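Observations on the model geometry
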Amino acid sequence: MSRQGDRSAETVGTDELVAQLRRLRARSGLTLAALGERTNYSKSSWGRYLSGRSLPPYQAVLAFCRAVEADHEGVLALWEAAHRERARWTVSRQHRQVLESGSDRGTGEGEVLGPEPVNPPSSPTSRDHLPIGLVLGGMLCGLGVGCLLGVWAAHRNYRMGR
């Protein structure tokens, strides 16, 4: 498949999202600078998003909908479809690159298992740390259990006359 064919397959969902974002921005009358001020995403970022060069983050789309006073449900549905489509295209492209490179890491019978992961599971990343909410929740549970045990012990000692 040609590179142009790959590109058009990648952008079908993105094109729909971009067209909707452009319509909403035109209806609102906001410039890129005004949009940047109202959303905390830069003018150049909105230039990339509205040209289709990059997919806007989810939070940017939410902020955009608030700024142009549009119903966010339909726009976010388009964003989710574009995001899924781009993810599928990326996986498909990586698989094709592995096949084209001739790197056979398969069973020895020509079966290719797919690309190597970027971060193998054994390599530490920032995601290996416990979320702070989990740590604080555990601490609060421990504190609650300690308080309950203290109340129980005090009540028990009171009933026994100590």
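The structure under discussion appears in the preceding block.
Heads up: these notes are all about the structure in this document. Worth saying up front: this structure is predicted, and the values here are computed from it rather than measured. Along each chain, residue indices are assigned from 1 in the same order as the chain's sequence is written. Only residues with pLDDT of 70 or above have their local features reported here, since the model is predicted, and side-chain atom pairs are shown and tallied only from 80 upward, although totals for entire chains, interfaces and linings are computed over all residues. With hydrogens and water excluded, all non-hydrogen atoms of the structure serve as input to the side-chain values.

**Here's the deal with the overall build of the chain**
This is how it is decided: By the criteria applied, helices consist of DSSP H or I runs no shorter than four residues and strands consist of E runs no shorter than two, each listed in order from the N terminus. Only protein chains enter the accessibility calculation, which uses a 1.4 Å probe; a residue is then buried when its area is under 20% of its type maximum, exposed when over 50%, and partly exposed in between. By definition, residues are in contact when any of their heavy atoms lie within 4.5 Å. Where accessible areas are quoted, they stem from the Shrake-Rupley method and a 1.4 Å probe; at the residue level, only the protein chains shown are allowed to cover.
If you tally the helices and strands in the chain, you get six helices and zero strands. Counted from the first residue to the last, the chain has its helices and strands arranged as α-α-α-α-α-α. For the chain, the residues scored as buried account for 25% of the 162 residues in total. For the chain, the share of sequence-separated contacts (at least 6 apart) that also reach a separation of at least 24 residues comes to 53%. As presented, the chain carries roughly 11,600 Å² of accessible surface, and 57% of it is formed by carbon and sulfur atoms.

**Quick look at helix α2 (residues 32-39)**
Every buried residue belonging to α2 is among Ala34, Leu35, Gly36 and Thr39, and all of these are buried. Trailing α2 by a residue or two, Asn40 shows a phi angle of about 65°, which is positive.

**Brief notes about the packing of helix α4 (residues 58-67) against helix α5 (residues 72-101)**
Quick reminder of the rule: For helices, the axis comes from a line fit to the C-alpha atoms of the stretch in contact; other axes are also lines fit to C-alpha atoms, and the angle between any two N-to-C directions lies between 0 and 180 degrees. By definition in this entry, angles of less than 35 degrees are roughly parallel, angles greater than 145 are roughly antiparallel, angles of 65 to 115 are roughly perpendicular, and the rest are oblique. Handedness of a crossing is defined here by the sense of rotation of the near helix relative to the far one, left-handed for an anticlockwise turn of less than a right angle and right-handed for a clockwise turn. Here the nonpolar group is Ala, Val, Leu, Ile, Met, Phe, Trp, Tyr, Cys and Pro; Asp, Glu, Lys and Arg are the charged ones; every other residue, Gly included, is treated as polar.
For the pair α4 and α5, the least separation of the axes is 10 Å and the interaxial angle reads 155°. The angle between α4 and α5 falls in the class roughly antiparallel. For α4 against α5, the interelement crossing comes out right-handed. For the pair α4 and α5, the contacting residues are Tyr58, Val61, Leu62 and Cys65 in the first and His72, Val75, Leu76, Trp79 and Glu80 in the second. Residues belonging to the contact of α4 with α5 are distributed by class as follows: seven nonpolar, one polar and one charged.

**Here's the deal with the packing of aromatic side chains**
What counts here: Each Phe, Tyr or Trp ring (for Trp, its six-membered ring) is paired with any other whose centre lies within 6.5 Å, and the angle between the two planes then decides the class: stacked below 30 degrees, edge-to-face above 60, tilted in between.
In total, this model carries four aromatic pairs according to the counting rule given. Ring centres of Trp46 and Phe64 lie 5.3 Å apart, and the angle between their planes is 40°; this geometry places the pair in the tilted category. Taken together, the residues Trp46 in helix α3 (residues 43-51) and Phe64 in helix α4 connect sequence positions 18 residues apart. By relative accessible area, which is 0% here, Trp46 ends up buried. For the ring pair Tyr58 and Trp79, a centre distance of 5.1 Å and an interplane angle of 75° mean the geometry is edge-to-face. Here Tyr58, found in helix α4, pairs with Trp79, found in helix α5; they are 21 residues apart in sequence, far enough to count as distant. Relative accessible area serves as the criterion here: at 30%, Tyr58 is assigned to the partly exposed category. Using a relative accessible area of 11% as the deciding quantity, one classes Trp79 as buried. Connected via pairs of aromatic rings, a cluster forms that spans Tyr41, Trp46, Tyr49 and Phe64.

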